[in-house]
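Single-letter residue listing:
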Amino acid sequence: MTLACALLRTPRILGAGLAAAIVGGLGVAGCFVDSEGLPPPVDGFYFPSGIAASPGGRVLYVANSDFDLQFNGGTVQALDLQRLRRRALGLQASLNPGEAGAGATVSAACEAAGLGPNAAPLLYPGPCGPLDISALDGDEEIVRSSAVIGAFASNLVLVHRPLPAPAAAEGPVARLFVPVRGDPSVTFFDVADDRRGAPAAQRCEGDACFQLDCGAAAAGGRCARDHRIGEDPGQELIRRKLPLEPFGIAASPDGTSVIVSHQTENIASAIMNPWVPVEQGAGTRPQLAAVLTDLAAGPTELAAVPPPRLVSLLKQAGTGIDYQPTFALTYVAASQLDLIRYQEIQDGAPALLFQSTTTRISALAGGADSRGIAVDASERQACEAGCGDELECLARCTAIPILVFVAHRYPNSLIVGELTTTLIERESSTLEGRWAAAYETLAIRDAAPLAAYPSRVEVGDVIGADGARHRRAFALAFDSGLAFSYDPEARRVDAVIRTGRGPQGIAFDTGATCGDDKERCDCAPGDDGCEPYSLMYIAHFTDSYLGVVDLDMRKANTFGSMILTVGKPVPPRESQ
């Protein structure tokens, strides 16, 4: 056992900063041994590091990292998002006295929700005590399935096969990818499809929605080796193991390419996801396809750039436009942002991951230490939705830039940039063959000051006073226990949300409900029983729980605050 491993096995003698330095700086690939120690808990959270909501609103996926190595691995859990939503929205109604059936006091609202008063508001903010998910069963059970992975999961990404799928298509329709630093690997799961637009025969129902298939022998078992990408070099396309310290992860919108950053190696890697069943044999499962070396120091987080619909339509028509999936990459030790591109396998030639353009961060003092990154293409996509398949209309929409948000330190700020797509025209062609290629460039346009120290950023929607959705960028500050809501239209921070210690991951549950079960419905605001809502789930790494934040501006008492604590907060052993 290495010195780093021995120290992590005795976390009481460590400060949080030293423990983080050991895990993040020295590497842990040779430290974790999955046969040692106790099995991890499956009915609670333990240093959650990644979180994602299914598009149909049925499932909330959580990756737990086993940061202090108290167990023989981390876990991935599938939570019942509908049951969580029902509790959160019920509590929201009780805390806003103007609504029918609302309680007159906070204590009455907590009691009606089956929760006690908040006994530790400094540990976890909110009006009520935590929801003890380990005590729930039957129709109240929250954790519906789980599986064991290696230690030090850093994040997760959920991808889906594009719709409509070919009629004869076989194999998985949704997958979950989790970078695990302790193996090192990217562990993948075949999961259920709950998209409301999916064919009825493909869309999950009931317990099937909580599938977590990673080759484990039984529910709650350890994921099999053939679901851990990079551990078996003999089966990989480029015949080498995954580089050490897989950290950031992003996937192309069609889910066929997954890009991973390797922070201590100054490397990025590409995984090919062919959307075919693993059972069909070697060469068909997700595989390591390309590695990009000699990046700047400390590649960290990634965001996939949605391709223009014009490009996707031309590729489907076989017109041969030159365009590669593009990803934006941040660095913790370099004052730059990169765009990297993935060239898929073509005509027997190997896949290629290459650095496209570099944007210097020169407007800020120092300019180094960028963390989370997110993109917002909603304005362009709204334009494209009104075009149908009209190419000239889609070309005009392509001129609308995509917004980019970066959580940056030194100074603490939210960087706002724009991704611009350039279409290259042929000299002489028909309309369908008018464009030869397309590519993106990135420019920094603005910055908003934040508290110390921003770490992750995601884009979601709030419900405005008018009952409509409005776009926001949400930045988490891990060290200061705050979340910031940035309004890109007004170009300002419009809300500061107090979180617990160590906010690490964000997921959004936004839609409209109908009925007492608060199930997400396909309805329009104004319809009988149709009620828009927006909730933000925050994974708290330090004390191992989830917080639910109300994002409905119509709820004066609860908007921009944590209304529900999911799971009993557990302080790290060194601080107990």
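Everything quoted here is computed from the prediction, not taken from an experiment.

Here the focus is the overall build of the protein chain. Tallying secondary structure elements over the protein chain gives seven helices and 29 strands in all. Residue burial in the protein chain is summarised as follows: out of 576 residues, 56% are buried. Taking all contacts inside the protein chain whose residues are at least 6 apart in sequence as the whole, residues at least 24 apart take part in 63%. A total of about 22300 Å² of accessible surface is found on the protein chain, and carbon and sulfur atoms cover 52% of it.

Before going further, it helps to spend a moment on helix α7 (residues 391-398). Taking burial as the measure, the eight residues of α7 include six buried ones, the bulk of the element. Listed as buried for α7 are Leu 391, Cys 393, Leu 394, Ala 395, Cys 397 and Thr 398.

Within the open sheet, the four strands sit side by side as β1-β2-β3-β4. Their pairing is antiparallel. In the strand order of this sheet, the two ends are held by β1 (48-53) and β4 (143-149), each with one partner. When strand polarity is set aside, the average angle formed by the axes of neighbouring strands in this sheet is 15°. Sheet topology places β1 next to strand β2 (residues 59-64); five bridges connect them, and they run antiparallel. The residue of β2 that forms the bridge with Ala 52 is Tyr 61. Here helix α3 (residues 81-94) sits on the sheet and contacts β1, β2, β3 (74-80) and β4; the angle it forms with β3, its principal contact strand, is near 65°.

All right, on to the pattern of salt bridges then. This structure, assessed with the given rule, holds 27 salt bridges. For Arg 520, the salt bridge goes to Asp 509, with nearest N and O atoms at 2.6 Å. In this pair, Arg 520 sits in strand β26 (residues 519-520) while Asp 509 sits in strand β25 (residues 503-514), placing the two residues 11 residues apart along the sequence. A relative accessible area of 0% means that Asp 509 is categorised as buried. A single network of salt bridges, built from pairs that share partners, joins Asp 80, Arg 83, Arg 144 and Asp 207.

Looking now at the packing of aromatic side chains. Tallied over the entire structure, the rule returns 11 aromatic pairs. Centroid distance Tyr 46 to Phe 47: 5.0 Å. Interplanar angle 80°. Geometry classified as edge-to-face. Judged by its relative accessible area of 15%, Tyr 46 falls in the buried class. With a centroid separation of 6.2 Å and an interplanar angle of 55°, the aromatic rings of Phe 478 and Phe 541 are classed as tilted. With a gap of 63 residues between them, Phe 478 in the loop between β22 (469-477) and β23 (482-487) and Phe 541 in the loop between β27 (531-540) and β28 (545-550) connect regions that are remote in the sequence. One aromatic cluster is present, built from ring pairs that chain together Tyr 46, Phe 47, Phe 67, Phe 71, Phe 478 and Phe 541.

Let us now look at the state of the cysteines. This model, assessed by the stated rule, comprises seven disulfides. Paired by a disulfide, Cys 110 and Cys 128 hold their sulfur atoms 1.9 Å apart. Torsion about the S-S bond of the Cys 110 and Cys 128 cystine: about -85°, corresponding to left-handed handedness. Within this pair, whereas Cys 110 is found in helix α4 (residues 106-112), its partner Cys 128 is found in the loop between α4 and β4, the two being separated by 18 residues in sequence. The pair formed by Cys 110 and Cys 128 is uniform in burial state, with each residue classed as buried. Here Cys 204 engages in a disulfide with Cys 209; their sulfurs sit 2.1 Å apart. A torsion of 100° about the S-S bond marks the disulfide between Cys 204 and Cys 209 as right-handed.

A word on the sheet that holds β25. Taken together, the five strands give an open sheet; going across it, the order is β26-β25-β27-β28-β29, and neighbouring strands pair in antiparallel fashion. Two strands in the sheet have a free side with no partner beyond their single neighbour: β26 and β29 (562-566). As judged from the four bridges shared by β28 and β29, these two strands associate in the antiparallel manner. Bridging from a neighbouring strand, Gly 547 pairs with Thr 565 of β29. Sitting on the sheet, α3 is in contact with β25, β26, β27, β28 and β29, with an inclination near 110° to β27.

Our focus in this paragraph is the environment of Arg 175. Checked against the element boundaries, Arg 175 lands in strand β6 (residues 174-180). For Arg 175, a relative accessible area of 0% corresponds to the buried category. With 100 residues separating them along the chain, Arg 175 and Trp 275 place their C-alpha atoms 8.9 Å apart. A polar atom in the side chain of Arg 175 sits 2.7 Å from the side chain of Asp 190. Of note is the side chain of Arg 175, whose polar atom sits 2.5 Å from the side chain of Asn 273.

Moving on, we come to the packing of helix α5 (residues 309-316) against α7. Remark: α5 packs on α7, axes separated minimally by 8 Å, with the N-to-C direction vectors making an angle of 140°. Classed by the angle they form, the pair α5 and α7 counts as oblique. Contact with α5, carried on its side by Arg 309, Leu 310, Leu 313 and Leu 314, involves Leu 391, Leu 394, Ala 395 and Thr 398 of α7 and no other residues of that element. Of the residues in the contact of α5 with α7, the class split is six nonpolar, one polar and one charged.

This brings us to the packing of helix α6 (residues 378-385) against α7. For the pair α6 and α7, interaxial distance at closest approach is 9 Å and the crossing angle is 170°. Taken together, the axes of α6 and α7 are roughly antiparallel relative to one another. Seen from α6, the contacting residues are Arg 380, Cys 383 and Glu 384; seen from α7, they are Leu 394, Cys 397 and Thr 398.

Backbone torsion omega between Tyr 410 and Pro 411 reads -5°, so that peptide bond is classified as cis. Structurally, Pro 411 is set in the loop between β18 (402-408) and β19 (413-425). Despite not being glycine, Asn 266 shows a phi value in the positive range, around 55°. Its location among the elements puts Asn 266 in the loop between β10 (257-262) and β11 (267-272). According to the relative accessible area criterion, Asn 266 is partly exposed, its value standing at 25%. A positive phi angle is found at Ser 544, which is not glycine, with a value near 60°. Within the element layout of this structure, Ser 544 appears in the loop between β27 and β28.

The element β3 is extensively covered by neighbouring structure, given that seven of its seven residues are classed as buried. What you see with β3 is no split at all: Gly 74, Val 76, Ala 78 and Asp 80 on one side and Thr 75, Gln 77 and Leu 79 on the other are buried throughout. Two elements, β2 and β3, share six bridges in a ladder whose sense is antiparallel. Pairing of Leu 60 across the sheet is with Leu 79, part of β3. Taken together, the six bridges between β3 and β4 define a ladder with antiparallel strand orientation. Following the sheet pairing, Thr 75 is matched in β4 by Val 148.

Rules and cut-offs
- Residues numbered from 1 in each chain as written.
- Predicted model: local features only at pLDDT ≥ 70, side-chain atom pairs only at ≥ 80, totals over all residues.
- Heavy atoms only, no water.
- Helix = DSSP H or I, 4+ residues; strand = E, 2+ residues; numbered from the N terminus.
- Buried < 20%, exposed > 50% of the residue type's maximum accessible area, 1.4 Å probe, protein only.
- Contact = heavy atoms within 4.5 Å.
- Areas by Shrake-Rupley, 256 points an atom, 1.4 Å probe, with all protein chains shown as cover.
- Pairing = 2+ DSSP bridges.
- Axes fitted to C-alpha atoms, helices over the stretch in contact; angles between N-to-C directions.
- Salt bridge = Lys/Arg side-chain N within 4 Å of Asp/Glu carboxyl O.
- Phe/Tyr/Trp six-rings, centres within 6.5 Å; stacked < 30°, edge-to-face > 60°.
- Disulfide = S-S within 2.5 Å.
- Polar contact = N/O pair within 3.5 Å; in protein donor to acceptor, adjacent residues only side chain to side chain.
- Parallel < 35°, antiparallel > 145°, perpendicular 65-115°, else oblique.
- Nonpolar A, V, L, I, M, F, W, Y, C, P; charged D, E, K, R; others polar.

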